[in-house]
Each structure stands twice: as structure tokens, then as C-alpha cells.
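# Analysis of the macromolecular model
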Amino acid sequence: ERERERENHTNDMSSGVVPNDACKPAFDKVRLGKIKYVTFKIDDKAEKTEVCEMGETKAEFKFEKFLSLLPETESRYAVLDWDVTTDDGREFSKLFFISWVPDSCKAKEKMLYASSKQSLRNALSGVHLDHQATDMDDVTEEVFTSKALGK
């Protein structure tokens, strides 16, 4: 019994950080189209993922505002509702789960965010695409549109 517990623990790459109770309801607002995005961060004690910022409605959405919420030297997770128009004029949207871990972060923070990502991601059912970003070149309108279109 004890050996099995130890085996499970060593195979588990999770950090033990879990989403707090506000994460799912905030995500649901994005999923249901009420807001365009939500950002999350891991709390200072490295115990819980918490809601950091909640976005605007579709009518008020400004991509630059979303980008400004991704700090140059701190990691974040985000869910973004991205609208796309196909070449033949069809409109649709894709929900992106974004892991923002800038190159300038400390190694310990990079490891914490990498090992905590799946716990939050699993709590957010309905996300279409995962996206890893380390600098602003990874979070352009062209990148999201191309990925949403499957290019």
C-alpha cells in the first residue's frame, strides 16, 4: 500500500497548486461569451491558482489591453475567446488556454507554472486550444488567428 502511494507521488509531475473557487466561474463567463478573457496567477504561497483580471465584453474588447496584462517578468495563465473569420466568410471563435511564462522569469517560477498548469487546465472544460508563450512574438493577433484556423 505504502509503496503504491510513493509510486503515485513520484509519477505525479503536479506541484500541488490547485485552482481556487473563483477560477471556474470566471472561466465560465468567457466560455459563455460574457467576457473575452480572464487571467490567472499562482498565489504567493504557491498553493492556489487565483483569478487575476477579468476582461471586457466583446464590444469593449481591445487586444492591446489583454496584452498589457501579461507582465514582462511574471508568469500568468489566461483563457482568451478569439474570434476568427474564414476565407469564405464564416465566423467562429476558439477558446485558448494560454500559458505565459516569459524567458525572463526565474527558473523556480518557470518550473512552478509548468508543473501547475494541468491542474487549472483540467478544471476548465471547454477550452479548444492550448498555447505556450514566452514573449510578445508568441501572442500576436496573427498567431491566434492562424492557430484558430488550424494553420
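Residues numbered from 1 in each chain as written. Predicted model: local features only at pLDDT ≥ 70, side-chain atom pairs only at ≥ 80, totals over all residues. Heavy atoms only, no water.

When you go through the chain residue by residue, the secondary structure sums to 5 helices and 6 strands. The secondary structure elements of the chain, listed N-terminal to C-terminal, are α-β-α-β-β-α-β-β-α-β-α. Computed over C-alpha atoms, the radius of gyration of the chain comes to 16 Å, within 12% of the 15 Å expected from 2.2 N^0.38 for 151 residues, which places it in the range of a compact globule. Along the longest, intermediate and shortest principal axes, the C-alpha atoms of the chain span 60 × 30 × 30 Å. When each of the 151 residues of the chain is scored for burial, the buried share is 36%. Put simply, of all contacts in the chain between residues at least 6 apart along the chain, 64% involve residues at least 24 apart. Here the chain displays about 9100 Å² of accessible surface, and carbon together with sulfur accounts for 47% of that area. If the 24 positive side-chain charges of the chain are averaged to one point and the 30 negative ones to another, these points end up 4 Å apart. (Helix = DSSP H or I, 4+ residues; strand = E, 2+ residues; numbered from the N terminus. Rg over C-alpha atoms; globule rule 2.2 N^0.38 Å. Buried < 20%, exposed > 50% of the residue type's maximum accessible area, 1.4 Å probe, protein only. Contact = heavy atoms within 4.5 Å. Areas by Shrake-Rupley, 256 points an atom, 1.4 Å probe, with all protein chains shown as cover. Lys, Arg positive; Asp, Glu negative; His and termini not counted. Charge placed at Lys NZ, Arg CZ, Asp CG, Glu CD.)

All right, on to the pattern of salt bridges then. Enumeration over the complete set of coordinates arrives at 8 salt bridges. Glutamate 74 serves as the salt-bridge partner of arginine 76, at 3.1 Å between the closest nitrogen and oxygen. Note on arginine 76: relative accessible area 9%, which makes it buried. What makes glutamate 74 partly exposed here is its relative accessible area of 37%. Overlapping salt bridges, with partners in common, bring together Lys36, Lys58, Asp81 and Asp83 in one network. (Salt bridge = Lys/Arg side-chain N within 4 Å of Asp/Glu carboxyl O.)

What follows covers unusual backbone geometry. Despite not being glycine, alanine 46 has its phi angle at roughly 60°, a positive value. Examined against the element boundaries, alanine 46 turns out to sit in the loop between strand E2 (37-42) and strand E3 (48-54). Accessibility expressed as a relative area gives 31% for alanine 46, which makes it partly exposed.

Here the focus is the pairing of E3. The pairing of strand E1 (residues 18-19) with E3 spans 2 bridges and is parallel. Looking across to E3, one finds that valine 18 is bridged to lysine 48. Taken together, E2 and the strand that follows it, E3, pair antiparallel across an intervening segment of 5 residues, in which alanine 46 is found at a positive phi of about 60°. (Pairing = 2+ DSSP bridges.)

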